Amino acid sequence: MNIFCEECKKNIATVFLTKISGNEVSKVQLCEECAARMEETTEAANLLAFLPQILSGLQGVEEHLVEDVLSCELISCDSCGTSFNDFQKMGFLGCARCYESFGEALMKVIIEFQESEEHCGKMPGKVSEGARLRKRLVDLERDLEHQIAEEEYEAAAAVRDQIREIEGRLNEEASDGGQE
Amino acid sequence: MAGRSKKPPAGASWLRTQGPGYPLVLSCRARLARNLEGLPFPTSAKEEETERARGMVLEAVSRKVAVDRDWDIRFAEELSRDELASMAEEHLTSQSFADRPPGRAVALSWRDGRSVTVNEEDHVRVQAVMPGAQFMKAWRAADKIDSSIESEVQYSFDQKLGYLTTSPSNVGTGLRVSAMLHLPALVITGEIARTISALGQAGVYVRGLYGEGSGVAGNLFQVSNRQTLGRTEESIVGNMDMIARQVSDNEKTARKMMLRESPLDLADRVYRSLGILERARRMSFFEALELVSMVKLGIDLEIIPLEDFNILEVGVGAGPSHLKAVLGGEAEPEDIDSERAVHVRRMLDL
């Protein structure tokens, strides 16, 4: 009459969980021990679960990328020594420099996972005014493109004025030899 | 106050208070991930490097953040395993804290759910938890702490990629916004599968009460944003607010449907759960959560004339570490299971 744990198939199942994997929902019956272990997976697991899919997806598309990815496994970060292979296994980078060291292969992962490659949120207070303006310019140009596509010409004109103003300020700063 | 900081009480105020969206949206959380410029990420740092990072962050925190008496700064190695496990049960720190790896610390404002953890996956993780759906408020609280720390330290930041994090899944804003939802009717009617699949397509993660694993107990779901890059903080926060509303609406619809189409089945489930809670003399954590969830549904739908309670407060209090703290000493698992039955009866006034 006892139901056995679906995970270890040894202990008696006392925990009935709704399990989510990807978009699938299922009911599982586990022993306390296996249920507790399920809770230990870290947040990185989310990305880890995606990684093979992302990387194999790349291989299917472009052949030269297969080589890139394979050769990347051998690349190590010159600053902390973490290899791309370590990253694939753990889902963690070793230091900020890894973002540069792993170059295009990591960028592909980021673009796939984040569906974006450009930060457009908060910037540290210490970032220079020039950098801040340039960032704003990129955001506004994106808005402009969107508005033109949506035929919102009035809004687009206002955005264009803002772009001109920022370009003016950037030119001023450049000719002042302002620090950037 | 001093005694209190030694033994943090079960249930910070966000566990007890009803916020907007109650009883479906129980709590919300905003978390920012940051790292210090020039030091390796904690996951691959040497001990002296984690120590250095901890010193830098805590100095900034004690100068700019923890300036009033609400704050309490603790090194992980000073806390007992049980205390750390209790903190994880209250979602103040992650489960990984309980293993006490060296160089970790946490600054907490117990009362209002604000915290800064040091050397978890990232050097700095700022978090604000609030009752109900107050996403914008939670994010503003976390953002304010973040800016204060930032005025004292140099964060790793890249013009293109934004804040650089240990996992690229946090890069950019480093912002993860989440909501805790109680969705029993969606689970019973099976509609939850469709909701989860729709959320997945909208870039929303769905997880169980204890966030990082994938098991769901007590019909408690945690939803959070997947993308942290390429959108502003306001848009991430606004989106989560909308998602929480939509999912709540789905749950309301499912509840109405059950009341209309299978009232007897619903009442039977609710009363059976109540019966077990009243009579059982020992209970696993998961069983307790499932039963309490059904009784709570019965109260929400006015099927049982019991006084309302917050399921998160009962659930967290029924966690193994909290019960162990109540029992003290070397409590055996069996004692904990029996204490849990008592705890739940007391909380529900049965």
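The model shown is predicted, which means the values in this text are computed figures rather than measured ones.

Digging into the overall build of chain B
When its secondary structure is counted, chain B shows 13 helices and eleven strands. Taken along the three principal axes of its C-alpha coordinates, chain B extends 65 × 45 × 30 Å. Residues classed as buried in chain B amount to 59% of the 350 residues present. Partitioning the contacts of chain B with sequence separation of at least 6, the portion at a separation of at least 24 is 69%. If you average the places of the 44 positive and of the 50 negative side-chain charges in chain B, the two averages end up 2 Å apart.

Describing the packing of helix α7 (residues 129–149) of chain A against helix α8 (residues 153–175) of chain A
All names here are of chain A. Interaxial distance between α7 and α8 falls to 9 Å at its minimum, and their mutual angle equals 160°. The angle between α7 and α8 places the two elements in the roughly antiparallel class. The hand of the α7/α8 crossing is left-handed. Two secondary-structure elements touch here, α7 through Glu129, Gly130, Leu133, Arg134, Arg136, Leu137, Leu140, Glu141, Leu144, Gln147 and Ile148 and α8 through Tyr153, Ala155, Ala156, Val159, Arg160, Gln162, Ile163, Ile166, Glu167, Arg169, Leu170 and Glu173. In the contact of α7 with α8, the residues fall into twelve nonpolar, three polar and eight charged.

Details of a negative patch on the surface
A cluster of like negative charges, contributed by Glu330(B), Glu332(B), Glu334(B) and Asp335(B), occupies part of the molecular surface. Topologically, Glu332(B) is positioned in the loop between α12 (320–327) and α13 (333–347).

Describing the pattern of salt bridges
Side chains bearing opposite charge may pair, as long as their charged atoms lie close to each other. Residues and elements named next belong to chain B. As enumerated under the stated definition, the model contains 28 salt bridges over all chains in all. Arg260 is the partner of Glu261 in a salt bridge, and the nearest nitrogen-oxygen pair spans 3.7 Å. With a relative accessible area of 60%, Arg260 lands in the exposed category. Counted as one network, the salt bridges with shared partners bring together Glu251, Arg255, Lys296, Asp300 and Asp308.

Details of the domain arrangement of chain B
Residues and elements named next belong to chain B. Taken domain by domain, chain B consists of domain 1 (13–252) and domain 2 (262–347). Just the C-alpha atoms count here: the centres of domain 1 and domain 2 sit 27 Å apart. Opposite the 25 residues of domain 1 that make contact, domain 2 presents 22 residues. Roughly 2,100 Å² is buried in total at the junction of domain 1 and domain 2, and carbon and sulfur atoms are behind 61% of that figure.

Remarks on the side chain of Glu233(B)
When you line up the elements, Glu233(B) lands in helix α8 (residues 233–261). Buried charge without a salt bridge: Glu233(B), with Arg34(B) as the nearest opposite-charge side chain at an N-O distance of 5.1 Å. Side-chain polar atoms of Glu233(B) contact the backbone nitrogen of Lys122(A), separated by 2.9 Å. If we ignore the near neighbours within four places in the chain, the residues touching Glu233(B) are Gly121(A), Lys122(A), Trp139(B), Thr173(B) and Leu175(B).

Overview of the packing of aromatic side chains
Following the criterion strictly, the structure yields five aromatic pairs over all chains and no others. With centroids separated by 6.1 Å and ring planes inclined at 80°, the aromatic side chains of Tyr155(B) and Tyr163(B) adopt a geometry described as edge-to-face. The residues Tyr155(B) and Tyr163(B) share a single accessibility class, namely buried. Centre to centre, the rings of Phe157(B) and Tyr163(B) are 4.9 Å apart; their planes meet at 70°, and the pair counts as edge-to-face. Residues Phe157(B) and Tyr163(B) agree in their burial class; the two are buried. Site record: aromatic cluster; members linked through ring pairs are Phe84(A), Phe87(A) and Phe102(A). Stacked on the ring of Phe309(B), the Lys or Arg Lys296(B) has its end atom at 5.9 Å from the ring centre.

Things to note about the sheet that holds strand β2 (residues 71–75) of chain B
Residue and element names in this part refer to chain B. Spatially, eight strands are ordered β2-β3-β4-β5-β1-β8-β11-β9 in an open sheet, and the strand pairing comes out antiparallel. The sheet is open, and its two borders are formed by β2 and β9 (204–208), each paired with just one other strand. Taking the axes of each pair of neighbouring strands and ignoring which way they run, one obtains an average angle of 20° across the sheet. In terms of strand pairing, strand β1 (residues 25–34) meets strand β5 (residues 124–131) through eight bridges, oriented antiparallel. Looking at the pairing, Ala33 lines up with Arg125 of β5. Along the sheet, helix α7 (residues 192–201) makes contact with β9 and β11 (220–225), crossing β9 at roughly 135°.

Concerning helix α4 (residues 81–89) of chain B
Residue and element names in this part refer to chain B. Buried within α4 are the following residues: Leu84, Ala85, Ser86, Met87, Ala88 and Glu89. The inward-facing, buried residues of α4 abut β3 (105–109), α11 (311–317) and α12. At the N-terminal end of α4, a side-chain oxygen is found 3.0 Å from the backbone nitrogen of Glu83, two or three residues along, and the residue is Ser80. Two residues or fewer past α4, His91 is found with a positive phi of approximately 65°.

A short note on the confidence of the model for chain A
Residue and element names in this part refer to chain A. Confidence in the prediction for chain A averages 77 pLDDT; 66% of positions are at 70 or higher. When mean pLDDT is taken per element in chain A, helix α5 (residues 98–101) scores highest with 94 and helix α3 (residues 63–74) scores lowest with 58. Contacts of residues 39–44 to residues separated by more than four positions or lying in other chains number 16 contacts, the stretch itself having pLDDT below 50.

A word on the pairing of β9(B)
Regular strands place their side chains on alternate faces of the sheet. Residue and element names in this part refer to chain B. When you tally the buried positions in β9, you get five out of five residues, the bulk of the element. With five bridges connecting them, β9 and β11 associate as antiparallel partners. Residue pairing in the sheet places Val204 in a bridge with Asn225 of β11.

Considerations on the environment of Leu199(B)
All names here are of chain B. Looking at the secondary structure, you find Leu199 in helix α7. With relative accessibility at 7%, the residue Leu199 sits in the buried group. Considered as a pair, Leu199 and Glu77 are 122 residues apart in the sequence and their alpha carbons are 39 Å apart. The contact partners of Leu199, leaving out residues within four places of it in the chain, are Val204, Val206, Val223, Ile243 and Val247.

Regarding the pairing of β3(B)
Residue and element names in this part refer to chain B. Of all five residues in β3, five are buried; the element is thus mostly enclosed. Alternating positions in β3 separate into two faces, Ala105, Ala107 and Ser109 on one and Val106 and Leu108 on the other, with burial throughout. One ladder, built from five bridges, connects β2 with β3; its direction is antiparallel. Considered in β3, the bridge of Ile73 is made with Ala107. Direction of pairing for β3 relative to strand β4 (residues 114–118): antiparallel, over a ladder of five bridges. Paired with Leu108 across the bridge in β4 is Ser115. In this structure, the hairpin formed by β3 and β4 is closed by a connection of four residues, where Gly113 is found at a positive phi of approximately 75°.

Here is what the cut-offs are and how they apply
Residues numbered from 1 in each chain as written. Chains lettered and ligands numbered in written order. Predicted model: local features only at pLDDT ≥ 70, side-chain atom pairs only at ≥ 80, totals over all residues. Heavy atoms only, no water. Helix = DSSP H or I, 4+ residues; strand = E, 2+ residues; numbered from the N terminus. Buried < 20%, exposed > 50% of the residue type's maximum accessible area, 1.4 Å probe, protein only. Contact = heavy atoms within 4.5 Å. Lys, Arg positive; Asp, Glu negative; His and termini not counted. Charge placed at Lys NZ, Arg CZ, Asp CG, Glu CD. Axes fitted to C-alpha atoms, helices over the stretch in contact; angles between N-to-C directions. Parallel < 35°, antiparallel > 145°, perpendicular 65-115°, else oblique. Left-handed = near helix turned anticlockwise from the far one by under 90°. Nonpolar A, V, L, I, M, F, W, Y, C, P; charged D, E, K, R; others polar. Patch = residues over 30% accessible without salt bridge, like charges linked within 9 Å, V, L, I, M, F, W, Y side chains within 5 Å. Areas by Shrake-Rupley, 256 points an atom, 1.4 Å probe, with all protein chains shown as cover. Salt bridge = Lys/Arg side-chain N within 4 Å of Asp/Glu carboxyl O. Domains from an automatic or database assignment. Buried area = accessible area lost by both parts, 1.4 Å probe. Polar contact = N/O pair within 3.5 Å; in protein donor to acceptor, adjacent residues only side chain to side chain. Phe/Tyr/Trp six-rings, centres within 6.5 Å; stacked < 30°, edge-to-face > 60°. Lys NZ or Arg CZ within 6 Å of the ring centre and 35° of its normal. Pairing = 2+ DSSP bridges. pLDDT = per-residue confidence, 0-100.

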